[in-house]
Amino acid sequence: MKASATLALSSHHPTTFNPESIALETSTTPEEAERISKEIDEEIQEAKKVLERKRKAIQILLLGQSESGKSSVLKNFQLVFSPRNFQNERAAWKTIIHLNLIASIKKILSVLEEEWAPSGEHSTKPQNLPPLARELKLIKLGLSPLLSFESSLMKMISPDTRNAQCICGNEVAEAVKRRRSPSPANENDPSLVLAASKGDVVSLWENSAVQDVLEKRQIRLQDSPGFFLDDIDRIASHDYDPTDLDIIKARLRTVGVEEHHLVIEKGIDAGSEVYIIDVGGARSAVRTTGYHLPESISNVLQRASWVPYFDEVNAILFLAPLAFNQCLERTQRSTGWLEDSLSLWREICSNKLLAAANIILFLNKKDVLTATLAAGTSVKKYVPSYGDGPNDVAHVTKYFRDKFRGYHRRFSPIARPFICYETSAVDTSSMAAILMGVREIILRRHLREGEIL
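Below is a short write-up of the structure. (Residues numbered from 1 in each chain as written. Predicted model: local features only at pLDDT ≥ 70, side-chain atom pairs only at ≥ 80, totals over all residues. Heavy atoms only, no water.)

## Some details on the nonpolar core
- In terms of nonpolar packing, the biggest core is built from 41 residues, with Ile 105, Ile 108, Leu 112, Leu 204 and Leu 229 touching the most fellow members.
- Of all the elements, helix H5 (residues 90-116) adds the most residues to this core, at 12 residues.
- In this view, Leu 229 contacts Leu 101, Ser 104, Ile 105, Ile 108, Val 201, Trp 205 and Leu 221; residues no more than four positions away in its chain are not counted. (Core = buried A, V, L, I, M, F, W, Y, C linked by side-chain atoms within 4.5 Å. Buried < 20%, exposed > 50% of the residue type's maximum accessible area, 1.4 Å probe, protein only. Helix = DSSP H or I, 4+ residues; strand = E, 2+ residues; numbered from the N terminus. Contact = heavy atoms within 4.5 Å.)

Structural data, given as structure tokens:
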């Protein structure tokens, strides 16, 4: 099984005038000129073959806001249809999981810093610090070796990246090619550092005062992508090998546009090629020279960047997270994930260029919805239009499904079927069944368009 990930952006560079190159060309012998001409013709023919092969392949566009679960769905595709490639990337994902763990620890420490640290008028001498601030100081001291190891982990995946949040999916594939995963016997193996810090990590996460602060600030790390603190005993072991579910849960931000090439390994269409285009969320930062553009500009650029990828796409998978109580922070106000998804869904449905597109909706993160409702969170508090409807998964999911169905019917330029699945990307068995059904829908449409059926 062959699979690769490459940026789906033009790599052409502007041509520069070079008199010396012209002189060199004019001084070549007829035999040399013929050889160069032949090489150019061969390259052109090869490029044509690649384009023709891609035109015949199935092309899927993944759309949705940041943290809607697009990357997790992509990994499920790889697991179901391209398991050998999925296995080959396991070592690189181990490093990503370690980075996710450190990110969770840093998030907690940042919250505790805001809650417990002295306001400035206190002396920084230990005897003058409040009790909880002294405890925070000791916690940070114990975890300092692990936190300082973060930069070394990032270099294993992307030598030029300084920010763990800016590592993208393409760099995992590159890490596999470089075989940069450390040997278990290496003293720089992150598993050794994690094992040495395991007690401090457990003490931090299980500290009742820490849990009180997180609850007070309504922070539920366990509902966030890349959460592994509950698995620290297993992940910190020397012989840790990521499970399929670990890889699915791992958080890797998609920045810009990434094109992933898969070759189906089994089934009636074994050997067929699939291109999955994963578009960065509408509010993802744009990585250019290491700077982050303002949200308003980034938003426009990201959504505009989707347009060139609509051509020749066989299906659009649109992911909407069922996290009604979580918000996307904007400059002046906060917008709920579902409100933002509905707005984006309306844009996609009403686009005349997509009138004939096969759009499939994934109401994702049903596991998060289940946990949120089980915790007693009222839907009406965050979505007043829900009214006094039952606060259970079935009724809440139906409410949001009907919302998306209504927009689909109202704003589609021409009538088309409404295809919707309720998904949890971390439930690999149910996702496998759903993706098999999605493949059947896409394959039949692909064959009809090619006049094979």
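Still more to cover.
## A closer look at a nonpolar patch on the surface
- Together, Ile 36, Ile 40 and Ile 44 make up a nonpolar patch on the protein surface, roughly 230 Å² of accessible area in all.
- Tracing the backbone through its elements, the reader meets Ile 36 in helix H2 (residues 30-56). (Patch = residues over 30% accessible without salt bridge, like charges linked within 9 Å, V, L, I, M, F, W, Y side chains within 5 Å. Areas by Shrake-Rupley, 256 points an atom, 1.4 Å probe, with all protein chains shown as cover. Salt bridge = Lys/Arg side-chain N within 4 Å of Asp/Glu carboxyl O.)

## Points about the pairing of strand E8 (residues 359-364)
- E8 sits mainly inside the fold: 6 of its 6 residues count as buried.
- Of the two faces of E8, the one holding Ile 359, Leu 361 and Leu 363 and the one holding Ile 360, Phe 362 and Asn 364 are both buried throughout.
- For strand E5 (residues 315-321) and E8, the ladder comprises 6 bridges, and the chain directions are parallel. Directly across from Phe 318, in E8, lies its bridge partner Leu 361. (Pairing = 2+ DSSP bridges.)

## Overview of the packing of aromatic side chains
- Scanning all chains against the criterion turns up 9 aromatic pairs.
- Between Tyr 386 and Tyr 399, the ring centres sit 5.1 Å apart and the planes meet at 85°, which makes this aromatic pair edge-to-face. One end of the pair, Tyr 386, is in the loop between helix H16 (379-382) and helix H17 (393-411); the other, Tyr 399, is in helix H17, and 13 residues separate them in sequence. Here Tyr 386 matches Tyr 399 in class, with each residue buried.
- Ring geometry for Tyr 407 and Phe 411: centres 5.5 Å apart, planes at 70°, overall edge-to-face. Linking Tyr 407 with Phe 411, this pair stays in helix H17, spanning 4 residues, or about one helical turn.
- In this structure an aromatic cluster arises from ring pairing among Phe 318, Trp 345 and Phe 404. (Phe/Tyr/Trp six-rings, centres within 6.5 Å; stacked < 30°, edge-to-face > 60°.)

## Points about helix H3 (residues 70-81)
- Its 12 residues give H3 an end-to-end C-alpha distance of 16 Å, which sits within 8% of 16 Å, the value for a rise of 1.5 Å per residue.
- Burial within H3 is extensive, with 12 of its 12 residues counted as buried.
- All buried positions along H3 are accounted for by Lys 70, Ser 71, Ser 72, Val 73, Leu 74, Lys 75, Asn 76, Phe 77, Gln 78, Leu 79, Val 80 and Phe 81. (Expected span 1.5 Å × (residues − 1).)

## Focus: helix H14 (residues 337-350)
- Helix length check: H14 (14 residues) gives 20 Å between terminal C-alpha atoms against 20 Å at 1.5 Å per residue, within 8%.
- Turning to H14, its buried residues are Trp 337, Leu 338, Asp 340, Ser 341, Leu 342, Leu 344, Trp 345, Ile 348 and Cys 349.

## Considering a positive patch on the surface
- A surface patch of positive charge is lined by Arg 346, Lys 403, Arg 409 and Arg 410.
- It is H17 that provides the largest number of residues to the positive patch, a total of 3 residues.
- Accessibility expressed as a relative area gives 62% for Arg 409, which makes it exposed. (Lys, Arg positive; Asp, Glu negative; His and termini not counted. Charge placed at Lys NZ, Arg CZ, Asp CG, Glu CD.)

## Observations regarding the pattern of salt bridges
- On inspection of all chains with the given rule, the structure shows 18 salt bridges.
- The residue Arg 234 makes a salt bridge to Asp 246 at a minimum N-O spacing of 2.6 Å. Of the two residues, Arg 234 sits in helix H11 (residues 232-235) while Asp 246 sits in helix H12 (residues 244-249), which places them 12 residues apart along the sequence.
- Overall, the relative accessible area of 34% leaves Arg 234 in the partly exposed class.

## Considering the packing of helix H15 (residues 366-374) against H17
- Running from N to C, H15 and H17 point in directions that differ by 130°, and their axes come no closer than 10 Å. One way to sum up the angle between H15 and H17 is to call them oblique. For H15 against H17, the interelement crossing comes out right-handed. Counted together, Lys 366, Leu 369, Thr 370 and Leu 373 of H15 and Val 393, Val 396 and Thr 397 of H17 form the full contact between these two elements. (Axes fitted to C-alpha atoms, helices over the stretch in contact; angles between N-to-C directions. Parallel < 35°, antiparallel > 145°, perpendicular 65-115°, else oblique. Left-handed = near helix turned anticlockwise from the far one by under 90°.)

## Focus: the side chain of Asp 223
- Its location among the elements puts Asp 223 in the loop between helix H10 (208-216) and H11.
- In terms of polar contacts, Asp 223 uses its side chain to reach the side chain of Arg 220, at 2.6 Å. (Polar contact = N/O pair within 3.5 Å; in protein donor to acceptor, adjacent residues only side chain to side chain.)

All we've got here are geometric facts, nothing functional implied.
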